[in-house]
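In case you want the letters, here they are:
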Amino acid sequence: MSLLRRRKHPFNESFRKPEKEHENGDFSYESKRKKIPYEHEEERPLSKWSCLDTWCWLIGCVCVTWWFLLFLYNAMPASFPKYVTEVITGPLPDPPGVKLRKLGLTAKHPVVFVPAAVTGGLELWEGRKCAQGLFRKRLWGGTFGDVYKRPQCWVEHMSLDNETGYFVWTTLVSNLARIGYEEKTMFMAAYDWRLSFQNTQVRDQTLSRIKNNIELMVATRGGQKAVIIPHSAGALFFLHFMKWVEAPPPMGGGGGPYWCSKHIKAVVNIAAPFLGVPKAIPLFLSAESKDISLVRAIAPGFLENDIFQPQILQHVMRLSHSWDSTVSMIPRGGDTIWGSLDWSPEEGYSCDQKREMKNSTRVTNPARAKSAISLTRSANFGRIVSFGKDVAEAPSNDIDRIDFKGAVKGHRAENRTCRDLWAEYHGMGFEGTKAVADYKTYTAESIVELLHFVAPKMMARSTAHFSHGIADNMDDPKYKHYKYWSNPLETTLPIAPEMEIFSFYGTGLPTERSYVYKLSPTAECHIPFQIDSSANDEETCLKGGAYSVDGDGTVPVLSAGFMCAKAWHGKTKFNPSGIRTYVREYRHSPPTTLLEGCGTLNCAHVDIMRSFALIEDVIRIAAGASGEELGGNRVHSNIFKWSEKINLQL
C-alpha cells in the first residue's frame, strides 16, 4: 500500500488527533512529520515569571479585595456592625444621651464648646499663589486633601510671622442632641488657636463674637445661664475670656465685674493644662517628643538624613516657634509648682502600679512601709531637662554647672535655607550650644531663661502676651494687663459665687514629665539638641529618654488638677468669691477588642471626649445638676497628696 496521501489544509491539520503508536514503538508518517516542530519548540527560551509580575498580581488582588470589602460595607444595613459586635461582646450599654433621656433629663442650659488645636479646624480664606484651588479647604483638622501634595505651601500658610507674630466633639454633641439640644442651644466658639489669645480679638474680634453669642443664647433661653465646655488649651483661652469680658475697653470687652455671674452656670474644663505641660519644652528645644525620639532609635539616621530632616523636624520647629499660643503651654509656677533639683510634688511615684499596690498590701507596718519606700529609687522630676542620664540621677551637690547666659553666640552656618527652616538656632554658634549643655540640668524656672537664650525672638514676642510666674500681690495694678489673664496663678476668678468650675481629666496613662537630652551631631542644618532615646530605667519610669508620671498621656495630673484641688478650693487669693470647684478623674481603660474602636473608657487626652462616663457627667450638668448632685470630687490619683506638698501661700 502506498504511503502517499492527499495533503490536507494546515488549518485542519492542526486540529488532527495524534496518530496511534505502532506496536514496534514507531509512529506513522504523519506523527513523524509533527514531531519536528515539537523538537524545535523545546529549544525556544521559556518565558520567566518576573518579580514585577508578582507585585502587579499582588497589588491587583489587594485592590480588588479592598473594593469588594468597601462595597460590602456600604451595602450592609447600618445596624449590622452593632449586631456583630453584640454577638461577640454581648449587649452594648445605651449611649449616655439615651440613658439620661429615659431618666427624664432634658435640655436646660445653653452649651458653649471651646476647642483647642487638636479639636478645632482651620480653613484657608486668603492665601498665596501656591494655594490656588484650596479656598475653604481644611489646612488643619479633618482631612487635608490636596494639601499633602504641597507640603511647603502648607508650612507657609500655617506659620505665623516670627517677628509679629472638630471631629472629636461628635460623640458629645450627638448625645446632647438626644436630650433635646439643637443648633440654637449649642455654640462652637472657634478661634485661630495659633494666635495669642488677645490677638484673636485684635484680628478677628473673636472674643466679642463669643460674648455676643453667649448673651443671645442666655436671653433666648429665658435667662438660663450657659455651661461652658473647654477642651485642653481651650481652658486657658476661656480663662483669658473671663477676664477680658469684664475688663473695661479698649483692652477688655466692657461687660462689667458681674458679667460672668449673670451669664455662666458652670465651666467644665476637660483635660485642661492649667499649669502648662513639660511636653512643650522638647517642642521648642528640638522639635520632637518621645515618639519622635523613638523613631530615631528604630531607624537611626532617618531624621538626620539631609532629605528627610528639613522636611520634618526643622519645619516642625519653624511652625512651633511662630505660633504664639504654644508658648502658653510652657510650665507655669516655676520651681514652687514643678519642683527643684532635689524635690518634686510627685516624688516617690511608681510607674508600676501593680507593683506599688502589691507592696502596699504586703507591708502593713508603717515603719517598714517607710523603709520600703526609701529603698525604691525615684526620679528627680523637678529636673525637666538634663544633659545625660548620669546628670538626671546625680545628687545636686555633685553637678558642676556653668552658667550659659554669658556665653558668646556666633553663626553656625551661613546657609540661608537652614536659617529659614530651623528658626533661631543658626545664631547659636558652637560656644552657645556648648554652654547650654554645660549648664547640665534645668528646672521650670531655668527653662524659661533657656528659651530666652535659644529663641530670643519667639520669647520676646510671647512675653508680651503670656506670663509664667506666681503673683505675690494680686492687688498690684500690673496684673490688670492681658498678658496675665490666662495664667491661673497670676489672675483671679470672676466674682461669681454661684458659678461652679470643674476639672475633668483622665488618669492611668504614662505622661511625659522630664527628659534626658544629648548634643546632636554638629552639622550645618542639624538641630543641636535631641532627646536621648537610649536612656531607659524601668524603676524610675524612664523610657526612651522621657520620665513619666500619672496623667492622660499629654497633661500630667498636677497641671490638670492642682487649681481645683487646692489653689481655687474655697476662698483664696485666686478665688476671692469662693466659687465651688470640683475634681473629676476618669480612670483610663483601653478597649478590650478591636470591635470597640477607641473604646468608651479610653481617657487619653483627646479620646476622653468619647468617654461615656465623662459625657454623662457633662449632660447632667447641662441639664441642671450641681457639683454636689454629681457626687462631688472623684479621684483616682494622688492629686490631693501632691497638691499639699506645694508650698503656695493662698
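Predicted, not measured: the structure shown is a model, and the values here were computed from it.

## Focus: the pattern of salt bridges
- Summed over all chains, the structure comprises 18 salt bridges.
- The salt bridge involving Arg 203 is made with Asp 192; its shortest N-O contact spans 2.9 Å. Linking Arg 203 in helix H8 (residues 197–204) with Asp 192 in the loop between strand S4 (186–188) and H8, this pair joins segments that are 11 residues apart in sequence.
- With relative accessibility at 45%, the residue Arg 203 sits in the partly exposed group.
- Here Glu 616 ties to Arg 620 by a salt bridge, and the two come within 3.2 Å at their closest N and O atoms. Here Glu 616 and its partner Arg 620 are both found in helix H24 (residues 612–622), four residues apart, which amounts to about one turn of the helix.
- Look at Glu 616 and you get buried, because its relative accessible area is 16%.
- The network of salt bridges with shared partners includes Lys 99, Glu 616 and Arg 620.

## Structural notes on the sheet that holds strand S9 (residues 500–507)
- Taken in spatial order, the six strands line up as S4-S1-S5-S6-S9-S14 in an open sheet, and their pairing is parallel. Edge positions in the sheet fall to S4 and strand S14 (580–587), since each of these pairs with one other strand and no more. Each strand of the sheet is rotated relative to its neighbour by a mean of 15°, with strand direction disregarded.
- Sheet topology note: the strand S6 (residues 264–270)/S9 ladder contains five bridges and is parallel. For Asn 269, the partnering residue across the bridge sits in S9 and is Ser 503.
- Strand contacts of helix H10 (residues 234–246): strand S1 (111–114), strand S5 (226–230) and S6, with the helix running at about 150° to S6, the strand carrying the most contacts.

## Examining unusual backbone geometry
- Residue Pro 250 follows Pro 249 across a cis peptide bond; omega there is 10°.
- For Pro 250, the location among the structural elements is in the loop between H10 and helix H11 (259–263).
- Not every positive phi belongs to a glycine, and Ala 271 is a case in point at roughly 55°.
- Inspection of the secondary structure puts Ala 271 in the loop between S6 and helix H12 (280–286).

## Side note on the environment of Thr 326
- Among the structural elements, Thr 326 can be located in the loop between helix H14 (313–322) and helix H15 (334–338).
- The spatial distance from the C-alpha of Thr 326 to the C-alpha of Ala 233 is 9.1 Å, given a sequence separation of 93 residues.

## Examining the confidence of the model for the chain
- The predicted model of the chain has a mean per-residue pLDDT of 79, with 69% of residues at 70 or higher.
- Predicted confidence for residues 1–25 stays below pLDDT 50, and this span has 17 contacts to residues more than four positions away or in other chains.
- Counting contacts from residues 354–375, a segment whose pLDDT is below 50, to residues more than four positions away or on other chains yields seven contacts.

## Focus: a nonpolar patch on the surface
- Nonpolar side chains collect at one region of the surface, where Trp 55, Leu 58, Ile 59 and Val 62 lie side by side and expose about 420 Å² of accessible area between them.
- Residue Ile 59 is classed as partly exposed on the basis of its relative accessible area of 48%.

## Topic: the environment of Thr 433
- Mapped onto the fold, Thr 433 is located in helix H20 (residues 429–438).
- As for Thr 433 and Pro 528, which are separated by 95 residues in sequence, their C-alpha atoms are 6.9 Å apart.

About the thresholds
All residue numbers refer to positions counted from 1 along the written sequence of the respective chain. Selection of residues for local features in this predicted model requires a pLDDT of at least 70, selection of side-chain atom pairs for listing and counting requires 80 or more, and totals for whole chains, interfaces and linings are taken over all residues. Heavy atoms from the whole structure form the basis of all side-chain values; hydrogens and water molecules are not counted. The term salt bridge refers to a pairing of a side-chain nitrogen on Lys or Arg with a carboxyl oxygen on Asp or Glu at a separation within 4 Å. The secondary structure listing takes helices from DSSP runs of H or I that are at least 4 residues long and strands from runs of E that are at least 2 residues long, numbered from the N terminus. The buried label goes to any residue with under 20% of its type's maximum accessible area, the exposed label to any with over 50%, and the partly exposed label to all in between, with areas taken from a 1.4 Å probe on protein chains only. By this definition, two strands are paired if DSSP reports at least two bridges between them. Helix axes are fitted only over the stretch in contact, all axes being lines through C-alpha atoms; the angle between N-to-C directions runs from 0 to 180 degrees. Here, two residues are considered to be in contact whenever any of their heavy atoms come within 4.5 Å of each other. The score called pLDDT rates the predictor's confidence residue by residue, from a low of 0 to a high of 100. A patch consists of residues exposed above 30% relative accessible area that lack any salt bridge, with like charges linked at up to 9 Å and nonpolar side chains (Val, Leu, Ile, Met, Phe, Trp, Tyr) linked at up to 5 Å. Each accessible area is a Shrake-Rupley result for a 1.4 Å probe, and residues are judged covered by the shown protein chains and nothing else.

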